[in-house]
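Structure at a glance
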Amino acid sequence: MLAEVHDQDGYPVNRPADPAVWLTPPSLLAAWVAVMDGRVVGHVCLSRSGPGDAAPELWSARSGVGADKAAVVNRLFVAPAARGNGIGALLLQRAVAAARELGRHPVLDVVASDTAAAALYERLGWRLLDTVDQVWSPEQTVVVRCYAAAF
């Protein structure tokens, strides 16, 4: 499914050589999948803030709360054939609830060119913190939109 999402949408930007490793980053707090008709059709995870994560720092600067109190929502995707059923919103809602249960504030970033994802976040009340350049490697800088869930 991840390969299908990448081929259709370009997400993730860099197709992971080992999807299992990509789906379970070292900073992982929790992860969920959505299942429809016995098939996994969506995924989201929640992680601690890590080096280079702009959204937690931006949220921290605005809220006056340490960035360590943020939880990063990431790896959110839905199979193309399952879209239009509210799965992305449900996965996001689950991750937000878990972050709050952990006493953390949910934040995320999205590649600026992914206008469909940005529209989803904004429709669900997420606040745009800023648009920044994020260095992913010495050869790759990507423009991302950083969001925080409403308080």
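Above this text is the structure in question.
Figured I'd write up the structure that's included with this text. For clarity, every value in this text was computed on a predicted model and none was experimentally measured.

What counts, and at which threshold
Residues numbered from 1 in each chain as written. Predicted model: local features only at pLDDT ≥ 70, side-chain atom pairs only at ≥ 80, totals over all residues. Heavy atoms only, no water. Helix = DSSP H or I, 4+ residues; strand = E, 2+ residues; numbered from the N terminus. Buried < 20%, exposed > 50% of the residue type's maximum accessible area, 1.4 Å probe, protein only. Polar contact = N/O pair within 3.5 Å; in protein donor to acceptor, adjacent residues only side chain to side chain. Contact = heavy atoms within 4.5 Å. Arc of directions from axis to C-beta. Core = buried A, V, L, I, M, F, W, Y, C linked by side-chain atoms within 4.5 Å. Pairing = 2+ DSSP bridges. Axes fitted to C-alpha atoms, helices over the stretch in contact; angles between N-to-C directions.

**What to know about the side chain of H43**
- Residue placement: H43 occurs in strand β2 (residues 39–48).
- A residue is classified by how much of its surface remains accessible, and H43, at 7% relative accessible area, is buried.
- Of note is the side chain of H43, whose polar atom sits 2.9 Å from the backbone oxygen of R75.
- Setting aside residues no more than four positions away along its own chain, H43 makes contact with L23, A31, W32, V33, R75, L76, F77 and L91.

**Some thoughts on helix α1 (residues 2–9)**
- Restricting attention to buried positions, one finds in α1 the residues L2, V5 and H6. Angular distribution of buried residues about the axis of α1 spans 100°; they occupy a single face of the element. Away from the buried face of α1 by more than 90 degrees, exposed residues D7 and Q8 are located.
- For α1, the secondary structure elements touched by its buried residues are α2 (19–23) and β3 (70–78).
- Where α1 ends, the next residue or the one after it, G10, has phi of about 75°, a positive value.

**Here's the deal with unusual backbone geometry**
- Cis geometry is adopted by the peptide bond preceding P12, which originates at Y11 and carries an omega value of -5°.
- Within the secondary structure, P12 is located in the loop between α1 and α2.
- Notably, D37 is not glycine yet its phi reads approximately 55°, a positive angle.
- As for its position among the elements, D37 is in the loop between β1 (28–36) and β2.
- We classify D37 as exposed; its relative accessible area is 77%.
- Although it is not a glycine, R75 adopts a positive phi angle of roughly 55°.
- Exposure remark for R75: the relative accessible area of 18% places this residue in the buried category.

**A look at the nonpolar core**
- By size, the foremost hydrophobic cluster in this structure holds 27 residues, and its most contacted members are V73, Y121 and W126.
- Counting residues per element, the ones that place at least two in this core are β1, β2, β3, α4 (87–101), β4 (105–111) and α5 (115–123).
- The element best represented in this core is α4, accounting for seven residues.
- Ignoring anything within four residues of it in the chain, the contact list for Y121 reads L76, L92, L108, V110, W126 and Y147.
- Counting residues in hydrophobic clusters, the runner-up holds 13 residues, among them A54, A70, L129 and C146.

**Thoughts on the sheet that holds β4**
- What the six strands build is an open sheet, ordered β1-β2-β3-β4-β6-β5; its pairing is mixed. Strand pairing shows two members of the sheet lacking a second neighbour, β1 and β5 (127–137), which therefore form its edges. Taking each pair of neighbouring strands and ignoring which way they run, the sheet shows an average axis angle of 30°.
- α4 contacts β1, β2, β3 and β4 of the sheet and is inclined by roughly 160° relative to β3.

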